[in-house]
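What follows is each chain in one-letter form.
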Amino acid sequence: RVPDIPLLVDIDTGFGNALSIQRTIENLIKNGAAACHIEDQEDGNKRCGHRPNKSIVTMDEMLDRLKIATKTAKESNIDNEFVVMARTDAYANEGMDGLLKRCDKYVNVGGADMIFAEAVTDLETYYKLNQSLGGEVPILANITEFGKTELFSKQELYESGVAIVLYPLSAHRAMAK
């Protein structure tokens, strides 16, 4: 059963080729998910975004992933509300210039509705990313204890252009204490 609140699903790299991405999106929509994020890491060398030595695919390969995901979402979703978020590890691998270039292409060529910039280390980067996208594209910040991103407050993130904050392990760590 799908919860009454919107569900954002992590689909990693799409679980394989174009057909796998298509089937994944179709199944998410069929089962009531509201959104997914798909990333630009290589399939065989996936790592947590806050860990070193990540490998990312070419921009063209990620654009292919996004085009398949967004096309499938538009064709499979009657009310056209399913959201595709592009997750990128470009900041760690290509710096600010690579991050800005990829995010622009992911939105304007790949059709991504939102951006998940992984392991950003300062508020200024979020601000510059938000400005480069015209302040029109929601940005997600992944705030995890022991990660690369500082534990910024929700207010600091909001003022830097972040629209969504993800706390992926906080509840689990609290329960484990």
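Residues numbered from 1 in each chain as written. Predicted model: local features only at pLDDT ≥ 70, side-chain atom pairs only at ≥ 80, totals over all residues. Heavy atoms only, no water.

**Student:** I would appreciate a short explanation of the overall build of the protein in the present structure.
**Tutor:** The helix and strand tally for the protein stands at 6 helices and 6 strands. For the protein, the α and β elements follow one another from N to C terminus as β-α-β-α-β-α-β-α-β-α-β-α. The burial tally for the protein puts 42% of its 177 residues in the buried class. Of all intrachain contacts in the protein linking residues separated by at least 6 positions in sequence, the fraction that spans at least 24 positions is 70%. (Helix = DSSP H or I, 4+ residues; strand = E, 2+ residues; numbered from the N terminus. Buried < 20%, exposed > 50% of the residue type's maximum accessible area, 1.4 Å probe, protein only. Contact = heavy atoms within 4.5 Å.)

**Student:** Even after reading the chapter, I still don't get the side chain of Thr 72, so can you show me in this structure?
**Tutor:** Note that Thr 72 resides in helix H2 (residues 59-76). Note on Thr 72: relative accessible area 6%, which makes it buried. Beyond its immediate chain neighbours, meaning those up to four positions away, Thr 72 contacts Gln 22, Ile 25 and Glu 26.

**Student:** Whenever I open this one, the pattern of salt bridges confuses me. Can you help?
**Tutor:** Close approach of charged atoms allows side chains of opposite charge to pair. For the coordinates displayed, the defined rule picks out 7 salt bridges. A salt bridge links Arg 102 to Asp 40; the shortest N-O distance between them is 3.6 Å. Taken together, the residues span a long stretch of sequence, with Arg 102 in helix H3 (residues 90-108) and Asp 40 in the loop between strand S2 (35-39) and H2 at a distance of 62 residues. Here the two residues Arg 102 and Asp 40 agree in accessibility, since each one is buried. As a salt-bridge pair, Glu 118 and Arg 87 come within 3.8 Å of each other at their nearest N and O atoms. With Glu 118 in the loop between strand S4 (114-117) and helix H4 (123-132) and Arg 87 in strand S3 (residues 83-88), this pair connects stretches of sequence that are 31 residues apart. (Salt bridge = Lys/Arg side-chain N within 4 Å of Asp/Glu carboxyl O.)

**Student:** Help me understand the nonpolar core, please; the structure alone is not making it clear to me.
**Tutor:** Most often, soluble globular proteins keep nonpolar side chains buried together rather than apart. Ranked by internal contacts, the top residues of the largest apolar core, which has 37 residues, are Ile 25, Leu 66, Phe 82, Val 84, Tyr 106 and Ile 115. Taken together, the elements giving at least two residues each to this core come down to helix H1 (18-30), S2, H2, S3, H3, S4, H4 and strand S5 (139-142). Residue contributions to this core peak at 6 residues, all from H2. Ranked by size, the runner-up nonpolar core spans 6 residues in total, among them Ala 35, Val 83, Phe 116 and Leu 140. (Core = buried A, V, L, I, M, F, W, Y, C linked by side-chain atoms within 4.5 Å.)

**Student:** How should I be thinking about unusual backbone geometry in this particular structure?
**Tutor:** The residue Asp 12 is not glycine, and still its phi comes out positive at about 50°. Mapping Asp 12 onto the fold places it in the loop between strand S1 (8-10) and H1. Classification of Asp 12 by relative accessible area gives partly exposed; the value is 25%. Despite not being glycine, Ala 119 has its phi angle at roughly 60°, a positive value. Position of Ala 119 relative to the elements: it lies in the loop between S4 and H4.

**Student:** Can you help me understand the pairing of S5 in this one?
**Tutor:** Of the two faces of S5, the one holding Ile 139 and Ala 141 and the one holding Leu 140 and Asn 142 are both buried throughout. The pairing of S4 with S5 spans 2 bridges and is classified as parallel. For Ile 115, the partnering residue across the bridge sits in S5 and is Ile 139. Where S5 lies against strand S6 (residues 164-166), 3 bridges are found, and the strand directions are parallel. Across the sheet, residue Leu 140 finds its bridge partner in S6, namely Ile 164. (Pairing = 2+ DSSP bridges.)

**Student:** Just to check I follow, could you spell out H4 for this structure?
**Tutor:** At 3.6 residues per turn, the α-helix brings residues three or four places apart onto the same side. Every buried residue of H4 is accounted for by Thr 125, Tyr 126, Leu 129 and Asn 130. All buried residues of H4 project into a common sector of 135° when viewed along the axis, lining one side. Contacts from the buried residues of H4 go to H3, S4, S5 and helix H5 (154-159). Two or three places before Glu 124, at the start of H4, stands the capping residue Asp 122, its side-chain oxygen 3.2 Å from that residue's backbone nitrogen. Gly 134 sits one or two positions beyond H4 and adopts a positive phi of about 70°. (Arc of directions from axis to C-beta. Polar contact = N/O pair within 3.5 Å; in protein donor to acceptor, adjacent residues only side chain to side chain.)

Geometric descriptors of this kind do not, in isolation, establish any biological role.
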